[in-house]
Amino acid sequence: MESVPDTSYIERVQAGEMHCFAPLLERYGRSVYSLIVRVVGNREDAEELTQDVFLNVYRSLASFQGNSRFSTWLYRIAYNAAISAVRKKKYEWPAIEDSMLEQVAEEDASDALARESNDERMARLEAAMQQLSPDERVLILFFYRQEKPVEEIAVIMGLTVSNVKTRLHRIRKKLFVLMTGAKGSNDL
């Protein structure tokens, strides 16, 4: 069965067929919720924010011009809403010295995120992920779990492509340090 493109639903909603928004909600609801819960860390808050995001998207659909994919536009709205909610709560995240990150070899950092990980490594990775800032968690989610291209991540997060690449590089090293307590050694 062929999937109906987002633009078809969007055009119909913009033409007054309000019921055509439901397929977009069904198509993206779970992934938007997943993004938001990763950022805010609380299921109830994420459910409420997800509803707010879709209400905002519905109200703003007339302003969608198609300069990017609908999903990119939607994720940008969801990301901004989630980050705003976290900033209001003023969480503090552990700081890691730049000198410690510089000591971590890129191979070690990449190995920390290898997909062939065993259960213990995945548990340590998940615990380390919870110590990242919301922006860092979102980058990892988009790049590794949702396999979004760096260019799309840059649009969603309002960054340059080179900034996304630099941040991913630093986050991999930070995860390695958080997972191992290491200072760049091979003790993972």
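Look above for the structure.
To keep things clear, this report deals only with the structure shown in the data block. What you see is a predicted model, and the numbers here were worked out from it, not measured in a lab.

About the thresholds
Residues numbered from 1 in each chain as written. Predicted model: local features only at pLDDT ≥ 70, side-chain atom pairs only at ≥ 80, totals over all residues. Heavy atoms only, no water. Helix = DSSP H or I, 4+ residues; strand = E, 2+ residues; numbered from the N terminus. Areas by Shrake-Rupley, 256 points an atom, 1.4 Å probe, with all protein chains shown as cover. Expected span 1.5 Å × (residues − 1). Buried < 20%, exposed > 50% of the residue type's maximum accessible area, 1.4 Å probe, protein only. Axes fitted to C-alpha atoms, helices over the stretch in contact; angles between N-to-C directions. Left-handed = near helix turned anticlockwise from the far one by under 90°. Contact = heavy atoms within 4.5 Å. Nonpolar A, V, L, I, M, F, W, Y, C, P; charged D, E, K, R; others polar. Core = buried A, V, L, I, M, F, W, Y, C linked by side-chain atoms within 4.5 Å. Phe/Tyr/Trp six-rings, centres within 6.5 Å; stacked < 30°, edge-to-face > 60°.

In this section: the overall build of the chain. If you tally the helices and strands in the chain, you get 10 helices and zero strands. In the chain, the order of α-helices and β-strands from amino to carboxyl end is α-α-α-α-α-α-α-α-α-α. Accessible area of the chain: about 10800 Å², with a carbon and sulfur share of 48%.

A few words now on helix α10 (residues 161-180). In an α-helix there are 3.6 residues to a turn, and that puts residues three or four apart on one side. The first and last C-alpha atoms of α10 sit 29 Å apart over 20 residues, in line with the 28 Å expected at 1.5 Å per residue. Among the residues of α10, Val164, Leu168, Ile171, Arg172, Lys173, Lys174, Leu175, Phe176, Val177, Met179 and Thr180 are the ones counted as buried. The positive-phi residue at the C-terminal boundary of α10 is Gly181, with phi of around 70 degrees.

Where helix α2 (residues 21-40) contacts helix α8 (residues 134-145), the two axes come as close as 8 Å, and the packing angle between them is 145 degrees. The handedness of the crossing between α2 and α8 is right-handed. Along the contact surface, α2 presents Ser34, Leu35, Arg38, Val39 and Val40, while α8 presents Pro134, Arg137, Val138, Leu141, Phe142 and Arg145. Residues that form the contact of α2 with α8 fall into these classes: seven nonpolar, one polar and three charged.

Counting 48 residues, the largest nonpolar core has Val32, Leu35, Ile36, Val57, Leu61 and Phe70 as its most contacted members. Of all the elements, helix α4 (residues 70-89) adds the most residues to this core, at 10 residues. In contact with Phe70, other than residues within four places in its own chain, are Asp6, Ile10, Leu24, Tyr28, Val57, Leu61 and Phe64.

Taken as a whole and assessed by the stated rule, the structure comprises eight aromatic pairs. Measuring from centroid to centroid gives 6.4 Å for Phe21 and Phe54, while their planes differ by 70 degrees, and the two rings are edge-to-face. You can see Phe21 sitting in helix α2 and its partner Phe54 sitting in helix α3 (residues 43-60), a full 33 residues away along the chain. On the basis of relative accessible area, Phe54 is assigned to the buried category, the value being 5%. Here Phe21 and Tyr58 contribute two aromatic rings whose centre-to-centre distance is 5.1 Å and whose plane-to-plane angle is 70 degrees, an arrangement assigned as edge-to-face. Of this pair, Phe21 sits in helix α2 while Tyr58 sits in helix α3, placing them 37 residues apart in sequence.

Another aspect to go through is α4. When the terminal C-alpha atoms of α4 are compared, their 29 Å separation across 20 residues agrees well with the 28 Å that a helix rising 1.5 Å per residue should span. Among the residues of α4, Phe70, Ser71, Thr72, Trp73, Leu74, Tyr75, Ile77, Ala78, Tyr79, Ala82, Ile83 and Val86 are the ones counted as buried. Along its buried surface, α4 packs onto α1 (6-14), α2, α3, α8 and α9 (150-157).

Another point: unusual backbone geometry. Unusually for a residue other than glycine, Glu147 sits at a positive phi of about 50 degrees. Relative to the helices and strands, Glu147 is located in the loop between α8 and α9.

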